[in-house]
Amino acid sequence: MEQKEQLYEGKAKKVFATDDPELLIVAYKDDATAFNGLKKGTIVGKGVINNKMSNRLMAMLEKNGIPTHYVRELSDRETLVKKVSIVPLEVIVRNISAGSFAKHYGVEEGIVFDQPTVEYSYKNDALGDPLLNTSHALALKLATAEEIETIRTYALRVDELLKAFWKTCGVTLVDFKLEFGRLSDGTIVLADEISPDTCRLWDAATGEKLDKDRFRRDLGGVEEAYAEIMHRLEEHL
């Protein structure tokens, strides 16, 4: 698959055209950002880990009925994906209180919810990715009612599958962010990535954070945490 011109560069990835208009190449970077880009840094080896982890988890989800943009891994940092137009809704699924949920609602971290919560935010860096509800999403024409229902159904199923998988690794899935896209025929598929950048992952025994919160909160041991979570994934998938 021939890599052609660069189409986009984001905070964590670059996207390139290919000789097939329906396929793109995603290249993962070691750059790290937090708080909508206000904090910047580098996590050595992050691009390789996020690429490989995301690919393995996407393949597992595909086998369990979740359509994704994943096609195949090309190298340590590059993956071939289906071209999608991203639905500008970030979907956050939470199983335990942490991060902005704890901050916004004035509760401590670590409260286990009776059932998962699903939040949507408007994918717009200039506005700070504000939270919105289904009515807002419809008013802004970000997606149709049917698409939002499909996205919610997929997100909750992804939560079930990821929660069960990480449990086998001795890891608690606290929360995570998903993005979805439309294929050229309008089909909704899971896109973007699933990685320690987009998930909160705590050691089930100790509660130690094995994700990007170590970077966000200057906890140290960031590279080691990413390597540990990848090691556990490779042992079980």
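Within any chain, residue numbers begin from 1 and follow the written order of that chain's sequence. Reporting in this predicted model follows two pLDDT cut-offs: at least 70 for local features of residues, and 80 or more for side-chain atom pairs to be given and counted; totals over whole chains, interfaces and linings ignore these cut-offs and use all residues. Side-chain metrics rest on all non-hydrogen atoms present in the structure, leaving aside hydrogens and water.

### Structural notes on the side chain of Lys 46
Our working rule: Think of it this way: any DSSP run of H or I at least four residues long counts as a helix, any run of E at least two long counts as a strand, and we number them from the N terminus. For the purposes of these results, a polar contact is taken to be a pair of N or O atoms within 3.5 Å, where, inside protein, one atom must be able to donate a hydrogen and its partner to accept one; residues adjacent in sequence count only when each atom of the pair is a side-chain atom. We call two residues contacting when some pair of their heavy atoms lies within 4.5 Å.
Inspection of the secondary structure assignment puts Lys 46 in helix α1 (residues 46–63). A distance of 2.9 Å separates a polar side-chain atom of Lys 46 from the backbone oxygen of Asp 31. Residues contacting Lys 46, with those up to four places away along its chain left out, are Ala 12, Lys 29, Asp 30, Asp 31, Ala 32, Asp 197 and Tyr 226.

### Side note on the sheet that holds strand β1 (residues 3–9)
Just so we agree on the cut-off: Any two strands with at least two DSSP-identified bridges between them are counted as paired. Orientation is described by lines fitted to C-alpha atoms, with helices fitted over the stretch in contact, and by angles between N-to-C directions that extend from 0 to 180 degrees.
The sheet built from five strands is open, its strands ordered β1-β2-β3-β7-β6 with antiparallel pairing. In this open sheet, the two strands that pair with only one neighbour each are β1 and β6 (70–73). When strand polarity is set aside, the average angle formed by the axes of neighbouring strands in this sheet is 30°. Pairing analysis gives five bridges linking strand β3 (residues 23–28) to strand β7 (residues 78–82), with the strands arranged antiparallel. When the bridges of β7 are listed, Leu 24 appears paired with Val 81.

### Digging into helix α4 (residues 145–168)
Filter applied, for reference: Given a helix with a known number of residues, its expected span is that number minus one, times 1.5 Å.
If you check α4, its first and last C-alpha atoms are 35 Å apart, about what 24 residues at 1.5 Å a residue would give, namely 34 Å. In the stretch just after α4, Gly 170 is the one whose phi turns positive, near 70°.

### So, the packing of α1 against helix α6 (residues 222–236)
Applied cut-off: Under this scheme an angle from 65 to 115 degrees is roughly perpendicular, one under 35 degrees roughly parallel, and one over 145 degrees roughly antiparallel; angles in between are oblique. A clockwise turn of the near helix away from the far one marks a right-handed crossing, whereas an anticlockwise turn of less than a right angle marks a left-handed crossing. Polarity classes work like this: nonpolar for Ala, Val, Leu, Ile, Met, Phe, Trp, Tyr, Cys and Pro, charged for Asp, Glu, Lys and Arg, and polar for all others, with Gly in that last group.
Relative to each other, α1 and α6 sit at 30°, their axes nearing to 10 Å. Judged on the interaxial angle alone, α6 and α1 are roughly parallel. For the pair α1 and α6, the crossing hand works out as left-handed. For the pair formed by α1 and α6, the contact residues are Lys 46, Ile 49, Asn 50, Lys 52, Met 53, Arg 56 and Leu 57 on the first element and Tyr 226, Ala 227, Ile 229, Met 230, Leu 233 and Glu 234 on the second. Considering only residue class, the contact of α1 with α6 consists of eight nonpolar, one polar and four charged.

### So, the pattern of salt bridges
A side chain with one charge can pair with a side chain of the opposite charge if their charged atoms come near. Note the cut-off: Basic side-chain nitrogens of Lys or Arg form a salt bridge, by our definition, when they fall within 4 Å of a carboxyl oxygen of Asp or Glu. Accessibility here uses a 1.4 Å probe with only protein chains present; expressed as a share of the type maximum, an area under 20% marks a residue as buried, one over 50% as exposed, and anything in between as partly exposed.
Enumeration according to the criterion identifies 27 salt bridges in this entry. Residue Asp 192 is joined to Lys 177 by a salt bridge in which the shortest nitrogen-to-oxygen separation is 3.7 Å. With Asp 192 in the loop between β13 (188–191) and β14 (199–203) and Lys 177 in strand β12 (residues 171–182), this pair connects stretches of sequence that are 15 residues apart. Given a relative accessible area of 15%, Asp 192 falls into the buried group. Classification of Lys 177 by relative accessible area gives partly exposed; the value is 21%.

### Here's the deal with the pairing of strand β4 (residues 31–34)
Working note: regular strand, side chains alternate between the two faces of the sheet. As judged from the four bridges shared by β4 and strand β5 (residues 39–42), these two strands associate in the antiparallel manner. Counted as the bridge partner of Asp 31 is Thr 42 from β5. In sequence, β4 turns back onto β5 through a hairpin of four residues, with Phe 35 there showing a positive phi of about 55°.

### Comments concerning the packing of aromatic side chains
Threshold: Between rings of Phe, Tyr and Trp, where Trp is taken as its six-membered ring, a pair exists when centres lie within 6.5 Å; planes separated by under 30 degrees are stacked, by over 60 edge-to-face, and by other angles tilted. Note on criteria: charge over ring means Lys NZ or Arg CZ within 6 Å of the ring centre, with the direction from the centre no more than 35 degrees off the ring normal.
Scanning the model with the defined rule gives four aromatic pairs in all. Between Phe 101 and Phe 113 the ring centres are 5.0 Å apart and the planes differ by 55°, which places this aromatic pair in the tilted class. Placement of Phe 101 in helix α2 (residues 99–105) and of Phe 113 in strand β10 (residues 112–122) is noted, with a sequence separation of 12 residues between them. The exposure class assigned to Phe 113 is buried, which follows from its relative accessible area of 17%. Site record: aromatic cluster; members linked through ring pairs are Phe 101, Tyr 105 and Phe 113. A cation over a ring is seen here: Lys 39 above Phe 215, with NZ or CZ 4.8 Å from the ring centre.

### Let's talk about unusual backbone geometry
One non-glycine residue, Phe 35, lies in positive phi territory at about 55°. The backbone of Lys 141 shows a phi angle near 55°, a positive value even though the residue is not glycine. In this structure, Lys 141 sits in the loop between α3 (134–139) and α4.

### Points about the environment of Leu 142
Along the chain, the position of Leu 142 falls in the loop between α3 and α4. Placed 19 residues apart in sequence, Leu 142 and Lys 123 show a C-alpha to C-alpha distance of 9.7 Å. With residues up to four places along the chain from it excluded, the contact list for Leu 142 reads Val 87, Pro 88, Leu 89, Tyr 122, Leu 132, Ala 137 and Arg 182.

### Remarks on a nonpolar patch on the surface
To keep it simple, the criterion reads: The patches described consist of residues with a relative accessible area above 30% and no salt bridge, like charges being joined within 9 Å and nonpolar side chains (Val, Leu, Ile, Met, Phe, Trp, Tyr) within 5 Å. Each accessible area is a Shrake-Rupley result for a 1.4 Å probe, and residues are judged covered by the shown protein chains and nothing else.
Residues Tyr 105, Val 107, Ile 111 and Leu 131 make up a contiguous nonpolar surface patch of about 340 Å² in total accessible area. By secondary structure assignment, the location of Tyr 105 is in helix α2.

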